[in-house]
Amino acid sequence: MAVIVDLGIRGKVALVAAASQGLGRATAMAFAREGCKVAICARNAGPLNAAANAIRTETNAEVVAVPADVMRTDGVTSFVDGAIRAFGGIDILVPNAGGPPAGSFETLTDEQWAKGWELTFLSTVRLVRSSLPSMRQRHGGAVVAILSMSVRQPIDNLVLSNALRLGIVGALKSLAREVAKDRIRVNGVAPGWIATDRTVELQRIRAERESRRPEDVQAALLQEIPLGRMGKAEEVADLIAFLASDRAAYITGVIAQIDGGLYRGIF
Ligand code: NAD
């Protein structure tokens, strides 16, 4: 008999940004399975609506899909306002965006740094800032940001992620202290290698850069992971759903790793 773990978030409104595929989509599906009303966004309406339909079909949940670019202020506003119009407020927010482009310190241009800042850092700030008033009105809420293992251990040739995500951690740690009095909790997850299109692309780039075959790059990566495999998007989604739920009511200001044991540091 299946054991159902009720996370206590049935009926809550969960916003998941950048959710037409990958970690965002799996997270939206996890909230829908828990009985949440779910709002998702991505830039392209086609894949976004396909994701929304798949989530509705599988879970019967209410799902609102808002085409929006989280790199832009008006994109964030239309996503958050659209969700509030549809569901009356926000209880849970998962800031997320596509990963910043690969590149090493000396090859990245000012323009790439500026775009990375908008995509990775400012999108998080804007999504959270726009959602907090509604969470306050509802006397509480939870933010769980999708970050990366790069906040603990830099990943080669991903300097934008290594640098900008650390800034987000600083901002979220400050925020967790500022909004705790409003019963809003702020946490993040730091995934290692999770099987999504993003990792396939990063391995292709690494293979090209090092003149190796993508399958050899992947085999070498797997050897470094004590659990011997890439993670599944659903496994990251389960952690996010837990951190957003009442089961994690005393957890705030934490960045939780999920990497199959890859990170070797003590803390
Ligand atoms: P993905 O490429 O599979 O999916 C990215 C999603 O973001 C897509 O739905 C895409 O349409 C959407 N998106 C991209 N840019 C957007 C924008 N400007 N506005 C709105 N939507 C946008 O990637 P993923 O693997 O799901 O990764 C999600 C995030 O997690 C990325 O920031 C990535 O760097 C980070 N991350 C991923 C892994 C991993 O192993 N997959 C590990 C650590 C961190």
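Because the structure is a prediction, the values reported are computed rather than measured.

**Observations concerning the overall build of the protein**
Here comes step 1: Across its full length, the protein carries eight helices and seven strands.
Here comes step 2: What you see for the protein is a C-alpha radius of gyration of 18 Å, in line with the 18 Å of a compact globule of 267 residues.
Here comes step 3: When its C-alpha atoms are laid out on the principal axes, the protein stretches across 50 × 50 × 40 Å.
Here comes step 4: The proportion of buried residues among the 267 residues of the protein is 49%.
Here comes step 5: Taking as baseline every contact in the protein between residues at least 6 positions apart, the subset at least 24 positions apart corresponds to 75%.

**Here's the deal with the pattern of salt bridges**
Here comes step 1: Within this structure, the stated rule accounts for 14 salt bridges.
Here comes step 2: With a shortest N-O distance of 3.0 Å, Glu208 and Arg204 are connected by a salt bridge. Of this pair, Glu208 and Arg204 both sit in helix 6 (residues 197–209), four residues apart, which is roughly one turn of that helix.
Here comes step 3: Here Glu208 falls in the exposed class, since its relative accessible area comes to 60%.
Here comes step 4: Between Glu215 and Arg213 there is a salt bridge, with the nearest N and O atoms lying 3.6 Å from each other.
Here comes step 5: Look at Arg213 and you get partly exposed, because its relative accessible area is 48%.

**Here's the deal with the domain arrangement of the protein**
Here comes step 1: Here the protein is partitioned into domain 1 (13–192 + 232–256) and domain 2 (195–230).
Here comes step 2: Measuring from the centre of the C-alpha atoms in domain 1 to the corresponding centre in domain 2 gives 25 Å.
Here comes step 3: Counting residues at the interface gives 12 residues for domain 1 and nine residues for domain 2.
Here comes step 4: Overall, the association of domain 1 and domain 2 removes approximately 800 Å² of surface from exposure, summing both partners, and the carbon and sulfur fraction of that is 48%.
Here comes step 5: In this assembly, domain 1 and domain 2 are joined by one salt bridge.
Here comes step 6: Residue Glu235 pairs with Arg229 through a salt bridge whose shortest N-O separation is 2.8 Å.
Here comes step 7: Across the side of domain 1 that touches domain 2, the residue classes tally to five nonpolar, four polar and three charged.

**Here's the deal with the site of the ligand**
Here comes step 1: Taken together, the neighbourhood of the ligand is formed by 28 residues, with Ser20, Leu23, Asp69, Arg165 and Thr196 sitting nearest.
Here comes step 2: One nitrogen or oxygen atom from the main chain of Gly99 is found 3.5 Å from an oxygen atom belonging to the ligand.
Here comes step 3: For the ligand, whose accessible area on its own is 830 Å², the fraction buried by protein is 91%.
Here comes step 4: Looking at the shell around the ligand, the elements that each hand over two or more residues are helix 1 (22–33) and helix 6.

**Examining the sheet that holds strand 4 (residues 92–94)**
Here comes step 1: Strands sit in the order 3-2-1-4-5-6-7 across an open sheet of seven strands; the sheet is parallel. In the strand order of this sheet, the two ends are held by strand 3 (63–67) and strand 7 (255–258), each with one partner. Ignoring which end each strand starts from, the neighbouring axes of this sheet average 15 degrees apart.
Here comes step 2: Relative to strand 6 (residues 184–191), strand 5 (residues 141–146) runs parallel, the two being bridged by six bridges. Its bridge partner lying in strand 6, Ile146 is registered against Val189.

Procedures and definitions
Residues numbered from 1 in each chain as written. Predicted model: local features only at pLDDT ≥ 70, side-chain atom pairs only at ≥ 80, totals over all residues. Heavy atoms only, no water. Helix = DSSP H or I, 4+ residues; strand = E, 2+ residues; numbered from the N terminus. Rg over C-alpha atoms; globule rule 2.2 N^0.38 Å. Buried < 20%, exposed > 50% of the residue type's maximum accessible area, 1.4 Å probe, protein only. Contact = heavy atoms within 4.5 Å. Salt bridge = Lys/Arg side-chain N within 4 Å of Asp/Glu carboxyl O. Domains from an automatic or database assignment. Buried area = accessible area lost by both parts, 1.4 Å probe. Nonpolar A, V, L, I, M, F, W, Y, C, P; charged D, E, K, R; others polar. Near = heavy atom within 4 Å. Polar contact = N/O pair within 3.5 Å; in protein donor to acceptor, adjacent residues only side chain to side chain. Areas by Shrake-Rupley, 256 points an atom, 1.4 Å probe, with all protein chains shown as cover. Pairing = 2+ DSSP bridges. Axes fitted to C-alpha atoms, helices over the stretch in contact; angles between N-to-C directions.

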